[in-house]
Amino acid sequence: MTSKNLRIFSYLPNPRLFKSTIVGRICGVEIEIRGAKPNELSEWLWDFDARPLSIEDRQEQNSTVLASKGFDNELFKTSEFLAAHPFGNVPAAFSPDGKTGVFESNSIMRSVARIGENTNNVYGFDAFSSSRIDSFLDSSLVFACDSQAYLLSLMQDTLTVDIYNSVASAFTNWLNGIEKALSNQKYLSSNYLTLADVCFACEIALLYNEKYYQDKLDNYDLDLLINPKIHEHFPQSWRHFETLVEHPDFQPDLGPYLRKLKNLEK
Ligand SMILES: N[C@@H](CCC(=O)N[C@@H](CS)C(=O)NCC(=O)O)C(=O)O
């Protein structure tokens, strides 16, 4: 039996949100999702009761904040939203009563595993195995910061060679660790599937968005980070990613998302 345990507001689709929906499937946690396409969120009230802005919402304007990361327009964030989410980002999760905000996609995913009572030890089985999973999540966030700067610069047409070099080096460092981990065991943190694998697959799916901007990279004579050489340099990491994408709990999110991106193939 499942019950709605968590509400998440986000732009859709969003691989950072998929971390939670995949773990929701594994752990039998039903998640209430609110949101719309990225360019529609400037017409939404950012609140626990997130919704398309009504005329009254617009007049009230109890809080309006200039967008900072990934949005060009003004966003309507209520003061309650900003109290629950001091960094003001999406995905933004809330406890069912709206009183507790949980932010950062890795932490939102952890909260889903905790609500689902850690089915199949997806978040480890003792203090050390759980902390080891956290270690993978933290090292993924280090890469994700560079990857976000890179993708936003492609979107906003502000890519520089420094940004590219920084993400390329972060990607190599991250995958070196992933490759090493997979040389010892079947999954990243252990011999069974954990949050570390979910995070890994979703961060790669997000990076696939660089494909939309291939022409801009061509202008600078730069390669896509996800290029055919990846298979040669990081064979186990890539096989692992491809196996995870086919997993029945991953496929409903990652399948359609990646199919759309792969249709861009020349
Ligand atoms: N590391 C964060 C990234 C979240 C994030 O930066 N979200 C951006 C969109 S890509 C956002 O909500 N920006 C709204 C703003 O800055 O006002 C996570 O994994 O949740």
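This section reports on the structure supplied with the text. (Residues numbered from 1 in each chain as written. Predicted model: local features only at pLDDT ≥ 70, side-chain atom pairs only at ≥ 80, totals over all residues. Heavy atoms only, no water.)

A word on the packing of aromatic side chains
So the rule is basically this: Each pair of aromatic rings taken from Phe, Tyr and Trp, with Trp reduced to its six-membered ring, is defined by centres within 6.5 Å and is described as stacked if the planes are under 30 degrees apart, edge-to-face if over 60, and tilted in the remaining cases. Helix and strand labels come from DSSP, where a helix needs a run of H or I of at least four residues and a strand needs a run of E of at least two; each type is numbered from the N terminus. Relative accessibility decides the category of a residue: with a 1.4 Å probe and only protein chains considered, values under 20% of the type maximum give buried, values over 50% give exposed, and everything between is partly exposed. Two thresholds decide whether a charge sits over a ring: the Lys NZ or Arg CZ must be within 6 Å of the ring centre and within 35 degrees of the ring normal.
Using the criterion set out here, one finds 17 aromatic pairs in the structure. Their ring planes at 85° and their centres at 5.3 Å tell us that F9 and W46 sit as a pair that is edge-to-face. In this pair, F9 is assigned in strand β1 (residues 4–11) and W46 in strand β3 (residues 44–46), connecting sequence segments 37 residues apart. Per residue, the accessibility class of F9 equals that of W46, and both read buried. For R7, the ring lying beneath its charged end belongs to F48, and the centroid distance is 4.0 Å.

Observations concerning the nonpolar core
Our working rule: What we call a nonpolar core is a set of buried Ala, Val, Leu, Ile, Met, Phe, Trp, Tyr and Cys residues that are connected through their side-chain atoms within 4.5 Å. Whether two residues are in contact is decided by their heavy atoms, any of which lying within 4.5 Å being enough.
Among the nonpolar cores identified, the biggest contains 65 residues, and Y150 and F171 are the most heavily contacted of them. Among the elements of the structure, β1, α1 (15–27), α4 (105–115), α5 (127–155), α6 (161–184), α7 (195–207), α10 (235–246) and α11 (251–262) are those that each provide at least two residues to this core. Among the elements that take part in this core, α7 stands out by supplying 11 residues, more than any other. Among residues more than four places away in sequence, those in contact with F171 are F143, I204, L207, L225, I226 and I230. In terms of nonpolar packing, the next biggest core, distinct from the first, is built from 15 residues, A36, L41, A50 and A92 among them.

Let's talk about the pattern of salt bridges
Defined as follows: Salt bridges are defined by distance alone: a side-chain nitrogen of Lys or Arg within 4 Å of a carboxyl oxygen of Asp or Glu.
Counted under the stated rule, the structure contains 11 salt bridges. Across the pair E32 and R34 runs a salt bridge, and its minimum N-O distance is 3.2 Å. A salt bridge links R51 to D57, with the shortest nitrogen-to-oxygen separation between them at 2.8 Å. Overall, D57 belongs to the buried group, its relative accessible area being 11%. Taken together, the shared-partner salt bridges connect R7, E32, R34, D49, R51 and D57 into one network.

A look at the side chain of H85
Its location among the elements puts H85 in the loop between α3 (79–84) and β7 (92–94). Here H85 falls in the buried class, since its relative accessible area comes to 1%. Beyond its immediate stretch of four places on either side in the chain, H85 contacts A92, A93, F94, G101, V102 and F103.

Focus: the packing of α4 against α5
Each pair of packed helices gets described by two things: the angle between the helix axes and the distance between those axes. Quick note on the threshold: Between the N-to-C directions of two axes lies an angle of 0 to 180 degrees, each axis being a line fitted to C-alpha atoms and, for a helix, fitted only over the stretch in contact. Our angle categories are set so that under 35 degrees counts as roughly parallel, over 145 as roughly antiparallel, 65 to 115 as roughly perpendicular, and the remainder as oblique. Basically, the charged four are Asp, Glu, Lys and Arg, the nonpolar ten are Ala, Val, Leu, Ile, Met, Phe, Trp, Tyr, Cys and Pro, and anything else, Gly included, counts as polar.
With their axes 10 Å apart at the nearest point, α4 and α5 run at an angle of 155° to one another. Overall, the two elements α4 and α5 adopt an arrangement that is roughly antiparallel. Facing α4, whose interface residues are N106, M109 and R110, α5 presents D134, L137, D138 and L141. Per-class residue counts for the contact of α4 with α5 are 3 nonpolar, 1 polar and 3 charged.

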